[in-house]
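The primary structure of each chain is shown beneath.
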Amino acid sequence: MGLLSDPNRRKALTNLLTRLNTPICMVCYLAAIVWFMGLAFEPFTLRTYMSENAMGSTMVEERFSAGERALATAKEFDAHKRKAGGMPVDWLVKTMQARGLEVFTQSFSRKLPFPDENKERYMVRGTNVYGILRAPRAPRTEALVISAPCSPGHSNNQAVGLLLALAQYFRSQVYWAKDIIFLVNEHDLIGMQAWLEGYHHTNITGMEYSPLQGRAGSIQAALSLELSSDVITSLDLILEGLNGQLPNLDLANLFYAFCQKLGVLCTIQGKLQRNDWDTAEGYTHAAQTMMLMVLKQACGRSWGDHGLFLRYHIEAASIRGINSFRHYKMDATTIGRLLEGMARKLNNLLERLHQSYFFYLLPSLSRFVSIGYYMPAFGLLAVILLLRALDLWVHLGTPDLAAVDGVSEAERPSGPGVLSVLTPVVISHLTGVALYLLPVHLQEIAVEHFPVSETEAVVLTAIAIYTAGLALPHNTQRLLSGEGTEQGWKVLKLTALLYLAALLGCTALINFSLGFILAITLVPITASITPHMPKALSALVMVLLSPAFTILYCVFIYQELIEAPVSINEGWMLFLSVISQGILDHALYGSLVYPLLALFVYPCWLMFWNILFWK
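All figures in this text were calculated on a predicted structure; none of them were measured in a lab.

Trainee: How should the sheet that holds strand E4 (residues 142–150) be read in this particular structure?
Mentor: By definition, the strands of a sheet pair up through backbone hydrogen bonds, in either a parallel or an antiparallel sense. The strand order E6-E2-E3-E5-E4-E7-E10-E8-E9 describes an open sheet built from 9 strands, whose pairing is mixed. Lying at the two open borders of the sheet, with one neighbouring strand each, are strand E6 (208–209) and strand E9 (266–268). As judged from the 6 bridges shared by strand E7 (residues 218–226) and strand E10 (residues 315–322), these two strands associate in the parallel manner. Residue Leu223 lies in a different strand from E10, and its bridge partner there is Ala317. The strands touched by helix H7 (residues 157–171) within the sheet are strand E3 (121–133), E4, strand E5 (179–186) and E7, with E5 carrying the most contacts at an inclination of about 160 degrees. Contacts from helix H11 (residues 332–347) reach E4, E7, strand E8 (234–238) and E10, with the element oriented near 170 degrees to E7.

Trainee: I keep staring at the pattern of salt bridges and nothing clicks. Help me out?
Mentor: Charged atoms that come close allow side chains of opposite charge to pair. Within the structure shown, the criterion is met by 9 salt bridges. Between Glu142 and Lys178 there is a salt bridge, and its shortest N-O distance comes to 3.3 Å. Taken together, the residues span a long stretch of sequence, with Glu142 in strand E4 and Lys178 in the loop between H7 and E5 at a distance of 36 residues. Each of Glu102, Arg134 and Asp179 takes part in salt bridges that share partners, so that together they form one network.

Trainee: Just checking my understanding: could you explain a negative patch on the surface for this structure?
Mentor: On the surface, a cluster of negative charge is made up of Glu117, Glu120, Glu444, Glu448, Glu454 and Glu456. Of all the secondary structure elements, the ones that give two or more residues to the negative patch are helix H14 (443–449) and helix H15 (454–468). The topology assignment puts Glu117 in the loop between strand E2 (102–116) and E3. When its relative accessible area of 41% is taken as the criterion, Glu117 is described as partly exposed.

Trainee: What is the right way to look at the pairing of E8 in this model?
Mentor: A regular strand places its side chains on the two faces of the sheet in alternate fashion. Most of E8 sits out of view: 5 of its 5 residues are buried. With burial as the criterion, each face of E8 is covered, one bearing Ser234, Asp236 and Ile238 and the other bearing Leu235 and Leu237. With 3 bridges joining them, E8 and E9 adopt parallel strand pairing. By the bridge assignment for E9, Leu237 is matched with Ile268. This β-α-β element, E8 to helix H9 (residues 249–262) to E9, shows right-handed connectivity.

Trainee: Would you mind showing me how to read the packing of helix H18 (residues 512–528) against helix H22 (residues 593–612) here?
Mentor: Each pair of packed helices can be described by the angle between their axes along with the distance between the axes. Two elements in contact, H18 and H22, have axes whose closest approach is 12 Å; the angle formed by their N-to-C orientations is 10 degrees. Relative to H22, H18 is oriented roughly parallel. For the pair H18 and H22, the contacting residues are Leu514, Leu518, Leu522 and Thr526 in the first and Val593, Leu596, Leu597, Val601, Trp605 and Phe608 in the second. Looking at the contact of H18 with H22, its residues break down into 9 nonpolar, 1 polar and no charged.

Trainee: Any chance you could explain helix H6 (residues 89–98) here in plain terms?
Mentor: Given 3.6 residues to a turn, an α-helix orients residues that are three or four positions apart in the same direction. Regarding H6, the residues found buried are Val89, Trp91, Leu92, Val93, Thr95 and Met96. For H6, the secondary structure elements touched by its buried residues are helix H5 (67–84), E2, E3, H7 and E5. Positive phi appears at Gly100, one or two residues downstream of H6, with a value of about 85 degrees.

Trainee: Where do I start with the packing of aromatic side chains in this structure?
Mentor: Any pair of aromatic rings gets described here by the distance separating the centres and the angle formed by the planes. A complete count under the given rule lists 24 aromatic pairs for this structure. Geometrically, the ring pair formed by Tyr602 and Trp605 is stacked, given 6.3 Å between the ring centres and 15 degrees between the ring planes. Linking Tyr602 with Trp605, this pair stays in helix H22, spanning 3 residues, or about one helical turn. Given a relative accessible area of 1%, Trp605 falls into the buried group. Among the aromatic side chains, those forming a connected cluster through ring pairs are Phe64, Tyr169, Phe170, Tyr175, Trp176 and Phe182. We note Arg215 situated over the ring of Tyr199; from NZ or CZ to the ring centre the distance is 4.4 Å.

Trainee: What's the story with a nonpolar patch on the surface in this structure? I'm lost.
Mentor: A cluster of nonpolar residues, Leu537, Leu540, Val541, Leu544, Tyr553 and Ile557, forms a patch on the protein surface that exposes about 480 Å² of accessible area. Elements supplying a minimum of two residues to the nonpolar patch: helix H19 (535–544) and helix H20 (547–561). With 4 residues, H19 is the single largest residue contributor to the nonpolar patch. On the secondary structure map, Leu540 appears in helix H19. Accessibility expressed as a relative area gives 48% for Leu540, which makes it partly exposed.

Trainee: What is the right way to read the sheet that holds strand E12 (residues 367–370) from this model?
Mentor: What the 3 strands build is an open sheet, ordered E1-E12-E11; its pairing is antiparallel. Every other strand in the sheet has two partners, leaving strand E1 (46–47) and strand E11 (360–361) as the edge strands with one partner each. Those strands touched by helix H12 (residues 371–397) are E1, E11 and E12, and its axis lies near 55 degrees from that of E12.

Trainee: How should the nonpolar core be read in this particular structure?
Mentor: As a rule of thumb, nonpolar side chains are buried together in soluble globular proteins. In terms of nonpolar packing, the biggest core is built from 189 residues, with Phe170, Phe182, Trp195, Leu235 and Phe255 touching the most fellow members. A total of 15 residues in this core trace back to one element, the largest contributor, which is H22. Look past the residues within four positions of Phe255 in its chain and what remains in contact with it is Leu235, Leu237, Cys266, Ile319, Leu338, Met342 and Leu365.

Trainee: What should I look at first to understand unusual backbone geometry in this one?
Mentor: Glycine aside, residues mostly have negative phi, and peptide bonds are mostly found in the trans state. Positive phi outside glycine occurs at Asn156, with the angle close to 65 degrees. A relative accessible area of 2% places Asn156 in the buried class. You will see that Gln269, though not glycine, has its phi angle at about 60 degrees, which is positive. On the secondary structure map, Gln269 appears in the loop between E9 and helix H10 (280–298).

What counts as what
- Residues numbered from 1 in each chain as written.
- Predicted model: local features only at pLDDT ≥ 70, side-chain atom pairs only at ≥ 80, totals over all residues.
- Heavy atoms only, no water.
- Pairing = 2+ DSSP bridges.
- Helix = DSSP H or I, 4+ residues; strand = E, 2+ residues; numbered from the N terminus.
- Contact = heavy atoms within 4.5 Å.
- Axes fitted to C-alpha atoms, helices over the stretch in contact; angles between N-to-C directions.
- Salt bridge = Lys/Arg side-chain N within 4 Å of Asp/Glu carboxyl O.
- Patch = residues over 30% accessible without salt bridge, like charges linked within 9 Å, V, L, I, M, F, W, Y side chains within 5 Å.
- Areas by Shrake-Rupley, 256 points an atom, 1.4 Å probe, with all protein chains shown as cover.
- Lys, Arg positive; Asp, Glu negative; His and termini not counted.
- Charge placed at Lys NZ, Arg CZ, Asp CG, Glu CD.
- Buried < 20%, exposed > 50% of the residue type's maximum accessible area, 1.4 Å probe, protein only.
- Right-handed = clockwise from strand over helix to strand, strands pointing away.
- Parallel < 35°, antiparallel > 145°, perpendicular 65-115°, else oblique.
- Nonpolar A, V, L, I, M, F, W, Y, C, P; charged D, E, K, R; others polar.
- Phe/Tyr/Trp six-rings, centres within 6.5 Å; stacked < 30°, edge-to-face > 60°.
- Lys NZ or Arg CZ within 6 Å of the ring centre and 35° of its normal.
- Core = buried A, V, L, I, M, F, W, Y, C linked by side-chain atoms within 4.5 Å.

So yeah, pure geometry; function would need other evidence.
Here it is as structure tokens:
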């Protein structure tokens, strides 16, 4: 405090920070990269452990043995699904009732804002079927959910068969203290969204659905099962939910503990765990796993049905069966016992999962990186923006020296007009509003005048508006009274730097991965941009580090990390698909990534684009 209250010391510190501003910023940026990449090194991570005593202090003995019956039920379900041309609602209702469950159905419909070409659907209608196993030893105020999506074709039939076999087995047990809901949802996330909105009496996405006739208690946890083969070689745990939300780490610890107990091969991000952490290959493997989690979390979409539960503060995860490692196989009985063990442990909960971490990264299932370890990497990037803002603030308050009759006199710089600073800010954000609203609303006009589909019209309109923003500096100058002053661009940059720092900081608190990726690309160019730089080269660098190109880079990096590299043309098509899917996810499920980029990040980038072409 004495350092800041003493005017001489404060001035000396300010002079030091402004004199060494550029070297300090460069060191901070490199330190942030090194810090983040070092998080995958095992000695810098923490070993996972069970924090919830109710799940860790008791042992359970798994006795499920109806694996063959589950596969037979799956084949029967597949036959009825092909006969009905979709969800066999009547057969599911009769089958669940035969197993002693209270069975209910829910119909729903949803018109998409534009056709989803990835899944070839526009007007979606379907039915969810769910059965409730009432708790025999409790007042029925709490519940667990086990779900399996009814997917097109032969996908996920085994998961539905195993779910029905578990329902029959659970019905014969008397130790359940929570209601258990067995849910088969149609049309993947859309059906799950309809069921969750109906269960919680909300309608936040404009979904049309029939009210639920049967309800259980407050849902404490949920598991979603995805099996598409009779032969399963490993189980992959999927945690990333809507807007980058993650379930409580104890849920992942519970899955890993039972995989270890039953000898089940388990993966995270589709990658096996390695023990040679002290080798270059071991570190690279852990870094790739962690970076995959960062990319999947940053996109903001739900990577499984479980992701929609997290919005309602329900801890949930998806378990996906993979048939890839041919030297190891597991049967349906083993998977059933794993789910039985997890359900029994969750049945012991006296309160919601809360004692472990909600913010973390996983380089493997046995190690994790907590928020206290990865946030300094982002903090080092945010410091760069604050240091550059401090440097500008000092220069704005320092008078220039002007020579009059051979004597140097201090001359206060003329302050910039409000219009010269406010106009670029307003126009940049109006462009962002156009990018957010117009692509969907102008699709019909685009289809009438150009030979494109509705989906292509939406994506190409978004790209056109994004590109049109590059002409913004010239249009802005026409609205200004006279030319901008030297002080004007400094004030605008000071405002933009503080705005970007606050924006990235708030984003990182909600979705660290998204905030960190945006900071990696935006901080270098925004910290260094001035109107006195070479225009052509600087403009090229700014475009290459813009939000759109950041998404394009992430597409190629993701394909490399999953060991499915693509050509430039294939990567471009994936990029267009990502854009359309981001707009759809916002309209259907409330994903915040598209409005964040369109309404805030892109306008902020345009403010720096104005600075480069400041006159």
